[in-house]
Amino acid sequence: MSTSNITVFMPSVLTLIGIPGLETVQCWIGIPFCVMYLIAMIGNSLLLIIIRSERSLHEPMYIFVGMLGVTDIALATTIMPKMLGIFWFHVPDIYFDSCLLQMWLIHTFQGIESGLLLAMAVDRYVAICYPLRHAAIVTHRLVTQIGAVVTLRAAFLVAPCLILIKFRFQFYHTTIISHCYCEHMAIVKLAASDVRVNKIYGLFVAFTVAVFDLTFITLSYAQIFSTVFHLPQKEARLKAFNTCIAHICVFLPFYLLAFFSFFTHRFGAHVPPYIHILFSSLYLLVPPFLNPLVYGAKTKQIRIHVVKMFYS
């Protein structure tokens, strides 16, 4: 392959510049990001402690909430230390292999979160549409199997993205990534090679995970609402709605921010880079920050045990 003077052969170090156009105020942007991260860590840790210690919360719905909490902690921790290092301590460099590992972890945890949101929607569907059979259908063994399948699906689907970058690209136009973290398309755009295979596979993964999961979440809630509207008692309808509100408040921001980031990376040439990067960063921080607040406020059993813990 012929290369020009500006191409770099297999760089060992890449540079993350943070938020393009807002470099002078990144130190201030890091403050709310850090606050969101701390709330996410404390809130999700508190949820996990309560769910683990209270035997009355050892039900499938709460186990899924616990799995979601673990995923949120891992996802936020994957990006925030490096992001704050860029914003506050001006440490933008990252080893190429570390960048690929961060990319794989980020997209794997995103895939796990999407799968868990689908599992929680199906659990609510069974609980509301087939309440007498819920305990027999959604067993602890099934919950464990779902958790394993969701994790393996995400890990194996994302792994080829890492392999395709590592072994297909040898020359790069630049080593500077216009982003706060190592994202798949942000790395692919650096390559001085044909990137169509990587783009096509990235689209395949995105549609396999997000579109598949969101479609079945939508179908589950269509059945749930149909069943709820036919309940004879108003109190029963309100109770059924209340059990679903927390989940809806969690998955709507997750998928809205996900699709904004996805389509902006590929088709948003006219979107200012700082808008795109800010929303992409919020996409990874808002769900871990929001989930414990929503479940703590909207789930009565969890709320009661939180109050008990603070009083004791």
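Since the model is a prediction, treat every value here as computed from it, not as a measurement.

1. Digging into empty space enclosed by the protein
Evaluation of the coordinates by the stated rule reveals one cavity of 30 Å³ or more. Considering only enclosed or pocket space, the largest cavity measures out at about 500 Å³ in volume. In terms of lining residues, the largest cavity is bounded by 26 residues, among which His107, Gln110, Ala206, Phe262 and Tyr283 are the most central. Of all the elements, helix H8 (residues 234–267) adds the most residues to the lining of the largest cavity, at nine residues. Tallied by class, the residues present in the lining of the largest cavity amount to 16 nonpolar, eight polar and two charged.

2. Looking at the UniProt feature "transmembrane region" (unreviewed entry) in the protein chain
The sites that carry the UniProt feature "transmembrane region" (unreviewed entry) are, in the present numbering, residues 28–50, 62–89, 101–122, 142–165, 200–219, 240–262 and 274–295. Regarding residues 28–50, the helix share stands at 100% and the strand share at 0%, and the terminal C-alpha atoms are separated by 34 Å. Between the first and last C-alpha atoms of residues 274–295 the distance is 31 Å; the span itself is 100% helix and 0% strand.

3. As for the packing of helix H5 (residues 140–168) against helix H7 (residues 196–229)
One way to put it is that H5 packs onto H7 with a least axis distance of 10 Å and a crossing angle of 170°. Taken together, the axes of H5 and H7 are roughly antiparallel relative to one another. Between H5 and H7, the contacting residues are Arg153, Phe156, Leu157, Pro160, Cys161, Leu164, Ile165 and Arg168 on the first element and Val197, Asn198, Tyr201, Phe204, Val205, Thr208, Val209, Phe212 and Asp213 on the second.

4. Re unusual backbone geometry
Located in the positive-phi region is Met10, a residue other than glycine, with phi close to 40°. Structurally, Met10 can be placed in the loop between strand E1 (8–9) and strand E2 (13–16). Non-glycine residue His90 carries a positive phi angle of around 55°. Looking at the secondary structure, you find His90 in the loop between helix H2 (60–89) and strand E3 (93–95).

5. Re helix H10 (residues 300–311)
For H10, with 12 residues, the first-to-last C-alpha span of 17 Å sits near the 16 Å given by 1.5 Å per residue. Residues of H10 that are buried: Ile302, His305 and Val306. Buried residues of H10, viewed axially, fall in a sector of 105°; they line one side. Away from the buried face of H10 by more than 90 degrees, exposed residues Lys300, Lys308 and Tyr311 are located. On its buried side, H10 packs onto helix H1 (26–53), H2 and helix H9 (273–298).

Reading the values: rules and limits
Residues numbered from 1 in each chain as written. Predicted model: local features only at pLDDT ≥ 70, side-chain atom pairs only at ≥ 80, totals over all residues. Heavy atoms only, no water. 1 Å grid on protein atoms, 1.4 Å probe; cavity = no way out; pocket = protein on both sides within 12 Å on 5 of 7 lines; lining within 4 Å. Points joined across faces, edges and corners; volume = space filled by probe spheres on them. Helix = DSSP H or I, 4+ residues; strand = E, 2+ residues; numbered from the N terminus. Nonpolar A, V, L, I, M, F, W, Y, C, P; charged D, E, K, R; others polar. UniProt positions renumbered as here; feature names shortened; annotations may be inferred. Axes fitted to C-alpha atoms, helices over the stretch in contact; angles between N-to-C directions. Parallel < 35°, antiparallel > 145°, perpendicular 65-115°, else oblique. Contact = heavy atoms within 4.5 Å. Expected span 1.5 Å × (residues − 1). Buried < 20%, exposed > 50% of the residue type's maximum accessible area, 1.4 Å probe, protein only. Arc of directions from axis to C-beta.

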